[in-house]
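Working through the structure, step by step
If you want the building blocks of each chain, they are given just below.
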Amino acid sequence: MQGLTETTPAGPGQAVGPPDPGQAVGPPDSQVSPRFAGHTTFARLPRREDVPDYDVAVVGVPFDSGVTYRPGARFGPSAIRQASRLLRPYNPALDARPFASQQVVDAGDIVGNPFDIGRASAEITAAAEELISGGRRIVALGGDHTIAYPLLKAHHRVHGPVALIHFDAHLDTWDTYFDTPLTHGTPFRRAGEEGLFQAGASAHVGIRGSLYDPRDLADDAKLGFTVVHCDELQRTGVDAVLDRLVDRVGDAPLYVSLDIDVLDPAFAPATGTPEAGGLTSRELLCLVRGLAAANLVGVDIVEVAPAYDHAEITAIAAATLAYEFVSVFARKPA
């Protein structure tokens, strides 16, 4: 459905009919319907059921039963949607009209059993696989980082082993927590064991903070990741890191998993395991925009726990990052 022009949906209470052929349904005109009014979909976009088809779906995954410290990321999707109301239809940084050149929808939430991590994982995989069928792409709003594993499994079923860029303060390749194999600290260990991503085309970015043991780094290296520490980004700069990442992933289908705690707590206080010394919002936005050169197929943004937020700082960062990823999709035909 690439190459569309944009129209606006009907206002609240009005029927939404099928759009004219060749037109994408975008957000309401904010000069007619103020941003604080109307449905709280992501960026006030149409719901999946409001249009006949879509290219990109923004979908919530309100699951946080895998956290090991602060809970509350189950409320992340709703907070990110609320903070997305201010987003506008033209992205000057990427010279993109992300809601006009492709049909973007809010697909609601994927429901996962909050009392059974294994069952929830299977439910998330099935729902995500259906959403990305036929070349469609998603930006998943978590939820804790446990959801990256079932989302990777869905993308593997459609694309085969993907390249993986993981923005995070933490490796998330530990083996178990309290003998539980799948938590928000283990998704990439499980994914690596199952071959869901290409070991030589994957990277952690933003890693910092304390570890349990030096073996944590050795175990991670066995999975094939390269690590871009926060201090390396500080020394070499964004452009050098981007060159390294784009060269590493090549033309492979790329999946990006972004834990909001990759940002310093000054820019993202509302997260489950904050670590001092992180990226700035500006640095992270530049890194995301630089991925327009890659073959991006899917994204998750996780670990926004709004109970710890102040003035929507973290939710605004997450909503803006989601918008940038949708804009990258607009620059790269499916």
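Before any of the text, the structure's been laid out above.
Residues numbered from 1 in each chain as written. Predicted model: local features only at pLDDT ≥ 70, side-chain atom pairs only at ≥ 80, totals over all residues. Heavy atoms only, no water.

1. Regarding the overall build of the protein chain
Put simply, the rule reads: By the criteria applied, helices consist of DSSP H or I runs no shorter than four residues and strands consist of E runs no shorter than two, each listed in order from the N terminus. Restricting the calculation to C-alpha atoms gives the radius of gyration, and the globule rule supplies 2.2 Å times the number of residues raised to the power 0.38. Any two residues whose heavy atoms approach within 4.5 Å are treated as being in contact.
Broken down by element type, the protein chain carries nine helices and ten strands. Taken over C-alpha atoms, the radius of gyration comes to 19 Å for the protein chain, in line with the 20 Å a tight globule of 334 residues would show. If you line up the protein chain on its principal axes, its C-alpha atoms span 60 × 40 × 40 Å. Of the contacts formed within the protein chain by residues at least 6 apart in sequence, a portion of 76% connects residues at least 24 apart.

2. What about the nonpolar core?
Burial of nonpolar side chains together is a common tendency in soluble globular proteins. Stated precisely, the cut-off is as follows: In this description, a nonpolar core means a group of buried Ala, Val, Leu, Ile, Met, Phe, Trp, Tyr and Cys residues linked to one another through side-chain atoms lying within 4.5 Å. Only protein chains enter the accessibility calculation, which uses a 1.4 Å probe; a residue is then buried when its area is under 20% of its type maximum, exposed when over 50%, and partly exposed in between.
If you look at the biggest cluster of nonpolar residues, it comprises 60 residues, and the most contacted ones within it are Phe42, Val139, Phe167 and Leu258. Among the nonpolar cores identified, the runner-up in size contains 34 residues, and Val51, Ala57, Leu182 and Phe225 belong to it.

3. Side note on the packing of helix α7 (residues 238-249) against helix α8 (residues 281-290)
We count it as follows: Fitting a line to C-alpha atoms yields each axis, with helices limited to the stretch in contact; the angle taken between N-to-C directions then spans 0 to 180 degrees. With the far helix as reference, a near helix turned anticlockwise by less than a right angle produces a left-handed crossing, and one turned clockwise produces a right-handed crossing. Each residue gets one of three labels, nonpolar for Ala, Val, Leu, Ile, Met, Phe, Trp, Tyr, Cys and Pro, charged for Asp, Glu, Lys and Arg, and polar for the others, Gly among them.
At a closest axis distance of 10 Å, the pairing of α7 and α8 adopts a crossing angle of 35°. Judged by the twist between their axes, the crossing of α7 over α8 is right-handed. Residues Val238, Val241, Leu242 and Val246 of α7 form the contact with α8, whose participating residues are Glu283, Cys286, Leu287 and Gly290. Along the lines of polarity and charge, the residues of the contact of α7 with α8 split into six nonpolar, one polar and one charged.

4. Here's the deal with the sheet that holds strand β4 (residues 104-109)
Just so we agree on the cut-off: Here a strand pair is declared whenever DSSP counts at least two bridges between the two strands.
Strand order in this open sheet of eight strands is β4-β3-β5-β10-β9-β6-β7-β8, and the pairing throughout is parallel. Every interior strand has two partners, whereas the edge strands, β4 and β8 (225-229), have only one. Taking the axes of each pair of neighbouring strands and ignoring which way they run, one obtains an average angle of 15° across the sheet. Here strand β3 (residues 56-61) pairs with strand β5 (residues 137-142) via six bridges, running parallel. Bridging across to β5, valine 59 finds its partner in alanine 140. Contacts from helix α1 (residues 76-83) reach β3, β4 and β5 within the one sheet, and its direction differs from that of β5 by about 110°.

5. Let's talk about the side chain of serine 257
Within the fold, serine 257 resides in strand β9 (residues 253-259). In this structure serine 257 comes out as buried when scored by relative accessible area, which is 0%. Look past the residues within four positions of serine 257 in its chain and what remains in contact with it is His145, Ala148, Leu164, Ile165, His166, Phe167, Phe188 and Asp300.

6. Points about the state of the cysteines
Heads up, the rule is: What counts as a disulfide here is a pair of cysteine sulfur atoms lying within 2.5 Å.
For the structure on display, the rule yields zero disulfides. There is no disulfide at cysteine 230, and the cysteine sulfur nearest it, in cysteine 286, is 15 Å away. For cysteine 230, a relative accessible area of 11% gives the class buried. Classification of cysteine 286 as partly exposed rests on a relative accessible area of 31%.

7. Here's the deal with the packing of α8 against helix α9 (residues 313-331)
Inclusion rule: Angles below 35 degrees are treated as roughly parallel, those above 145 as roughly antiparallel, those between 65 and 115 as roughly perpendicular, and all remaining angles as oblique.
One can describe the packing of α8 onto α9 by two numbers: an axis separation of 9 Å at closest approach and a directional angle of 20°. Here α9 runs roughly parallel to α8, going by the angle between their axes. For the pair α8 and α9, the crossing hand works out as right-handed. Where α8 approaches α9, its residues Leu284, Leu285, Val288 and Arg289 are matched on the opposing element by Thr320, Leu321, Glu324, Phe325 and Val328. For the contact of α8 with α9, the per-class residue count stands at six nonpolar, one polar and two charged.

8. Comments concerning the pairing of strand β10 (residues 295-302)
As a reminder of what qualifies: With its strands directed away from the observer, a crossover is right-handed exactly when the path from the first strand over the helix to the second travels clockwise.
Burial within β10 is extensive, with seven of its eight residues counted as buried. Bridge analysis of β5 against β10 gives four bridges, and the strand direction is parallel. Residue pairing for β10: alanine 140 is matched across the bridge by aspartate 300. Pairing of β9 with β10 involves seven bridges; the strand directions are parallel. In the sheet register, aspartate 259 faces β10, and the bridge partner there is valine 302. Note that the unit made of β9, α8 and β10 has a crossover that is right-handed.

9. Overview of the pattern of salt bridges
Put simply, the rule is: In what follows, salt bridge is the name for a side-chain nitrogen of Lys or Arg lying within 4 Å of a carboxyl oxygen of Asp or Glu.
Under the defined criterion, the tally for this structure stands at 17 salt bridges. Aspartate 50 is the partner of arginine 47 in a salt bridge, and the nearest nitrogen-oxygen pair spans 3.0 Å. As a salt-bridge pair, arginine 289 and glutamate 324 come within 3.1 Å of each other at their nearest N and O atoms. Of this pair, arginine 289 sits in helix α8 while glutamate 324 sits in helix α9, and the two are 35 residues apart along the sequence. When its relative accessible area of 24% is taken as the criterion, arginine 289 is described as partly exposed. The structure contains a network of salt bridges with shared partners spanning Asp175, Arg189, Arg190, Glu193 and Asp219.

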